[in-house]
Structures are given as C-alpha cells and as structure tokens.
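# A look at the structure
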Amino acid sequence: MAEYEWNLDLENLVKDLSGIVGEKWVITQREFMESYLRDETPDALRPKPAENLILVKPSSSEEVSAILKLASSRKTPVFPVGGRTGLVGAAVPTKPGIILSLERMNKIEIDGENMMAVAEAGATLADLIKAADEANLFFPPHPGDEGAQIGGLIATNAGGSRAVKYGVMRNYVKGLEVVLPTGEIMSLGGKLLKNNTGYDLMQLIIGSEGTLCVITKAIIKLFPKSKSMVTLIVPFNKRSDALKAVPEILRSGAMPLAIEYVQIREIEEAARHLNEKWPVEKGFAQLIIILDGTSQEEVLLKCEEISKICEANNAMDIMLAETSEEQDRILRIRSNIYTALKPRMIDILDVTVPPSSLEKLMDEVDSIAKKYEAYLPAYGHAGDGNLHVHIMKDEHMNLKTAEKMKEEIYRVAIALGGVITGEHGVGSLRIKNLSLALSKKHVEIMKRIKKIFDPNNILNPDKVLP
Ligand SMILES: Cc1cc2nc3c(=O)[nH]c(=O)nc-3n(C[C@H](O)[C@H](O)[C@H](O)COP(=O)(O)OP(=O)(O)OC[C@H]3O[C@@H](n4cnc5c(N)ncnc54)[C@H](O)[C@@H]3O)c2cc1C
C-alpha cells in the first residue's frame, strides 16, 4: 500500500481519547500494554511492535465510532485486537498509533427460538461455548485457543476442529454490526437464514483481518445440543492408511464433526506439555474423529460404520471416549500441539488442499524435508484438507532456508488446487507470498476495496495487502 501522512500528536490524542472512553481506559505506559504488543505468532517471525502506542478500551459501538472519527481526522493508525491468539502477526501494532481492544464489550444474549447468539465482539470463544451450552444449544467450531474473541474469530474466518460437518466461521455469521474507519456504524444481515439483498458486504468483511472495519457485534447461528457425542482415536502404522480412510469416511454419510490427523510423536509431546498422558500409544499416525447425533444408538451406528472403514484400511485397536470429561481432555491435548512445539518453531503453515489430495501434499512435504534435512512435523484438520506443517529450529535451519522451504510447500499446495492459508489468514507474515496465490488483478481489486472502506488507510496498516 502507498504510504500515507500519519499525524500523531500523542499528548492531544490521549486527551481526546480520554474524553471519549474515560481516562481509566486510555493506557499509555508500555508496561501495562505488553500483552497487547504481540500475538501467538512464533517469536522468530513475529513483527516488531511500534513505539508510541496508546491502548484504548471502549465500552460501546458509539465510543468505537467516536475513536475512529477522531483517528480518521488525524490520520492516526488504529489496530483492532481481539484475544491476540492469531498466528500470522495480524494483530501486532506495527506503526505508532492506537491499539483498540473491545474486551469490555463482551455481552452475549441467546435467542433460543431462532437458535442464534447476539454477541459483542469482545466476548471470548469460551464465553460463547458456555452461553450456548447453558441454553441447551451448541456452537460447533473449535479453533484451538478459547481465549480468541468473537471479533477476532470473524475477522480471521477461523476454522479449527469440528468444522467438517457445519463449516467455518463464515457459515455461522448471520449478521454484523461494524464501525467503518470513518466512524459510521453499519448493520449487515440479521437473524436471517436467507438474504439476497445486494452485494454481500458482510461476507467480504468476514476474514478481512481488521483492515476494512471494526466488528462490534455479531449474530451467530447455533445448533441444537447433540444428545450424544463420542470421540474415536484410531491408530494406524502407516500414514497413507490413515489418510486413505478420510475421503471414505466423508463419503460414508456418517458425517463427523471433526476428523483430525495427528502423529504419535507430537501428540505425546502435547500431552507431556500439559502433564497428561495420551490415551493411545500405538501407531505412527492417528485419526481423532468426533461424532454426534440425536441418540446414543445413532452415534454408535456411525461409530460402527467408521470403524469398519478404518479397519479395512489397516487401523489397529480403536479407542472410544464417551464421557464429556475424556472427550474434552482429548480435544485439549490436540489443541495444545502448537503450544508444545512453539518454543522450537520458526513458523506454522496452514496450507489447504482438496481433502483427497492431502496424502499427496504430505508426500511432497516429506520430499522437501528430506531435501533440506529438516524436521517438519505435520498434523491437521484432515477432514478439511487443512495441514499444519511446522518449520522447526535446528542446526540446518535459518530464516532464509525456512522461507525457501515455505515457498516450495506453497507451490506444491497451489499445484494441487490448494491455497497458502486455509485458516490463519495473511496477516503480516504471508504478504510476501500473496503473489504466488492471487493474480495481479485480484490484488488490485482488493486494494481498491480497501480504499473505499478506509480512504485514509488508518485501519490495521501493514496487513494483508502488499
Ligand atoms: C493454540 C492455538 C490453536 C489455534 N488453532 C486454530 C485453529 O484450529 N483454527 C483457526 O482458524 N485458528 C487457530 N488459531 C489461530 C487463532 O486462534 C484464530 O485466528 C482466532 O480466530 C484469532 O482470534 P483473536 O481474537 O485472538 O484475534 P487476534 O489475534 O487478536 O486478531 C486477529 C485479527 O483479527 C482482527 N480483529 C480482532 N478483533 C477485531 C474486531 N473486533 N474487528 C475487526 N478486526 C478484529 C485483528 O486486527 C487481526 O487482524 C489457533 C491459535 C492458537 C494459539
């Protein structure tokens, strides 16, 4: 993006912001904003935060609007942040300006009749799961860190485990309230399952990583709570057997909520990291399959069908977890593979290919690992064709080699009809790779859209667009 003239008169800005949200909610001391200067991106690649930042915590959409009007008139950069669990540096404030946290806007109302939640952007994923559960409803997706906020989940179009059956964030969001960088408050969609009124700006905003507008509220579709849910852990000696079973399971009609692929070395490391023990010690490769249904009989029938498919693909002893405690424990350990590996990691990729091409992708990743003598642990959301390949630190690895390897993996994914990111987004880390995936025309249209929403380029500059 072209550079703009930004104007940061800190002293007056603090005074004006205090007039909007109250002095208590304008933080200028660096030591009190440390955790807002980074997200969960591995240290080696995470962008450096700027100096001269002001952290502001509004309590209403009107306050957000006043902050953005002020920032627009002064051409001051604004960085919307959620739970700072992102993995591509999208929430890091890279220019002097305002960090905007909506954590005080965290109310959730459940509309049981329409099976929808109306959630403010600062509510967390944990809050939403709990509120739905208390109303006997269910919010299926589970991007690993429950500290993520509604605004962040929508701005990144998060996916995670349990997206196989009902899809990713974009499939749940039915309405949004947003504030444009110039301060106007806009409502989009509603408690509607059908809406064809004009261009769908709401879907454009979902996944826009804080670059087009600030999300303040969302209407989110919920599902009836499953009467019965089980988790299977299916061990295989060979990766190819595990991956061959996946498209067969998808075709069987016993549609699982999640089909996760893990390898024994990393899943056991995640368990140790949490002082837990992984319950299935057999096999090099394992599938974790979550099934739900309206009765125990229905779910057990699905289990039987899936077990048959897995056994025909050489699965060993299948473990069935039925209690919610055991199933939560399994999901928690799975969600912590990243956290366990992170200290030794340079980057986590989230390439996505058509599900039936996952095996080919993994074979190609193995060849790349061999060529560079690298350890590239991989696991992922197998039912979605979404693979997390980790580039780890070791004696052969430096940032330049990591970049080269990453580009090779991206090229392979694209050649298989895939994309460079299926979950985490572009943020600041993937901008340099965007031209591999998108045409010049595509990027040009994106830049024009950005200009329409944000004529002064104040909102999350340095992100998504080259
Ligand atoms: C252990 C772990 C596991 C994870 N597993 C998954 C996974 O399985 N699937 C997956 O998809 N992701 C996963 N993630 C990544 C991350 O949790 C998601 O990207 C999540 O959606 C980010 O939400 P957040 O609130 O933390 O956003 P942040 O990291 O704070 O911000 C992310 C982006 O959203 C923007 N943003 C935040 N709030 C707003 C708002 N109110 N309005 C406009 N823009 C806003 C920011 O500017 C930034 O661009 C994982 C992360 C961790 C640490």
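Values in this document were obtained by computation on a predicted structure and should not be read as measured data. (Residues numbered from 1 in each chain as written. Predicted model: local features only at pLDDT ≥ 70, side-chain atom pairs only at ≥ 80, totals over all residues. Heavy atoms only, no water.)

With that out of the way, let us pick up the environment of Phe 139. Turning to its location among the elements, Phe 139 is positioned in the loop between strand S7 (137-138) and helix H4 (150-155). Assessed through its relative accessible area of 2%, Phe 139 is described here as buried. Separated by 171 residues in the primary sequence, Phe 139 and Cys 310 place their C-alpha atoms 28 Å from one another. Setting aside residues no more than four positions away along its own chain, Phe 139 makes contact with Leu 125, Leu 128, Ala 132, Arg 162, Met 169, Tyr 172, Ile 220, Lys 221 and Leu 222. (Helix = DSSP H or I, 4+ residues; strand = E, 2+ residues; numbered from the N terminus. Buried < 20%, exposed > 50% of the residue type's maximum accessible area, 1.4 Å probe, protein only. Contact = heavy atoms within 4.5 Å.)

A word on the site of the ligand. As a structural note, the neighbourhood of the ligand is formed by 38 residues, with Pro 80, Gly 82, Gly 83, Thr 85 and Gln 149 the closest of them. With respect to the ligand, the side chain of His 381 contributes an N or O atom lying 3.4 Å from an oxygen atom. A distance of 3.2 Å is found between an oxygen atom of the ligand and a side-chain nitrogen or oxygen belonging to Asn 460. In the complex, 96% of the free accessible area of the ligand, which totals 970 Å², lies under the protein chains. (Near = heavy atom within 4 Å. Polar contact = N/O pair within 3.5 Å; in protein donor to acceptor, adjacent residues only side chain to side chain. Areas by Shrake-Rupley, 256 points an atom, 1.4 Å probe, with all protein chains shown as cover.)

Attention now moves to the pairing of strand S9 (residues 185-189). Relative to S9, strand S8 (residues 173-179) is paired through five bridges, and the arrangement is antiparallel. Of the residues in S9, the one forming a bridge with Glu 177 is Ser 187. Here S8 folds back onto S9, and the loop between the two strands holds five residues, one of which, Gly 183, carries a positive phi near 105 degrees. (Pairing = 2+ DSSP bridges.)

Per the stated rule, a full pass over the model turns up 33 salt bridges. Across the pair Glu 103 and Lys 57 runs a salt bridge whose closest N-O atoms are separated by 3.1 Å. Note that Glu 103 is positioned in the loop between strand S4 (97-101) and strand S5 (108-111) and Lys 57 in the loop between strand S2 (53-56) and helix H2 (61-74), a separation of 46 residues in sequence. Overall, the relative accessible area of 24% leaves Glu 103 in the partly exposed class. A network of salt bridges, in which partner residues are shared, links Asp 347, Glu 403, Lys 406, Arg 430 and Lys 432. (Salt bridge = Lys/Arg side-chain N within 4 Å of Asp/Glu carboxyl O.)

Moving on to unusual backbone geometry. For Asn 157, which is not glycine, the phi torsion reads 50 degrees and is therefore positive. Residue position: Asn 157 is located in the loop between H4 and S8.

A few words on the state of the cysteines. Applying the stated criterion across every chain, the model contains zero disulfides. Free of any disulfide, Cys 303 has its nearest neighbouring cysteine sulfur in Cys 310, separated by 10 Å. Accessibility expressed as a relative area gives 6% for Cys 303, which makes it buried. (Disulfide = S-S within 2.5 Å.)

Reading across the sheet, the four strands line up as S1-S2-S4-S3 and stay open at both edges, with mixed pairing between neighbours. Looking at strand neighbours, the two that pair on one side only are strand S1 (26-27) and strand S3 (78-81), the edges of this open sheet. Examined bridge by bridge, S2 and S4 share four bridges and lie parallel to one another. From the neighbouring strand, Val 56 faces S4, where its bridge partner is Leu 100. The strands touched by helix H1 (residues 10-21) are S1, S2 and S4; relative to S2, the strand with the most contacts, the crossing angle is about 0 degrees. In the packing of H2 onto the sheet, the strands contacted are S2, S3 and S4, and the crossing angle to S4 comes to about 165 degrees. (Axes fitted to C-alpha atoms, helices over the stretch in contact; angles between N-to-C directions.)

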